[in-house]
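Now for the letters of each chain:
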Amino acid sequence: MNGRTELGRFPAGGPRGSWPAEEFAHARRLEGLPAEVVMDLATDTFLVILRRPEGAD
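In this numbering scheme, every chain counts its residues from 1 along its sequence in written order. Note on the predicted model: pLDDT of at least 70 is required for a residue's local features to be given, and 80 or more for side-chain atom pairs to be given and counted; whole-chain, interface and lining totals, by contrast, use all residues. As a rule here, side-chain values come from all non-hydrogen atoms in the structure, and water together with hydrogens is ignored.

Caption draft 1: Up close: the overall build of the protein chain. Numbering of helices and strands starts at the N terminus; helices are DSSP runs of H or I of at least 4 residues and strands are runs of E of at least 2. A count of helical and extended segments in the protein chain gives 1 helix and 3 strands. Secondary structure elements of the protein chain, listed N to C terminal, follow the sequence β-α-β-β. The C-alpha extent of the protein chain, read off along each of the three principal axes, is 40 × 30 × 10 Å. Each charge class in the protein chain can be summarised by its mean position, and for the 7 positive and 9 negative side chains these summaries are 2 Å apart. Here Asp and Glu are counted as negative and Lys and Arg as positive; His is not counted, and neither are the chain ends. Here the site of a charge means NZ on Lys, CZ on Arg, CG on Asp, or CD on Glu.

Caption draft 2: Quick peek at the confidence of the model for the protein chain. Confidence scores labelled pLDDT are given residue by residue by the predictor and lie between 0 and 100. Per-residue pLDDT for the protein chain has a mean of 88; in total, 91% of the residues score no lower than 70. Strand β1 (residues 4–11) is the least confidently modelled element of the protein chain, averaging 94 in pLDDT, while helix α1 (residues 20–30) averages 96, the highest of any element.

Caption draft 3: Layout of the side chain of arginine 28. For arginine 28, the position within the fold is in helix α1. Each residue's exposure class comes from its accessible area (1.4 Å probe, protein chains only) as a fraction of the maximum for that residue type: buried when under 20%, exposed when over 50%, partly exposed otherwise. Arginine 28 gets classed as buried once you look at its relative accessible area, which sits at 17%.

Here it is, written out as structure tokens:
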């Protein structure tokens, strides 16, 4: 396993001035989830993820 849960995928080429992945992650953080945005270079997308703590399965 990769130690993360994917909450959403957003294309890297979003409209100028728009940050949909960051906005989505921010909304999840307001809900109490430690969401973060990472870039998947292989697919050229931004992923909103939750990391699992070390040793948690």
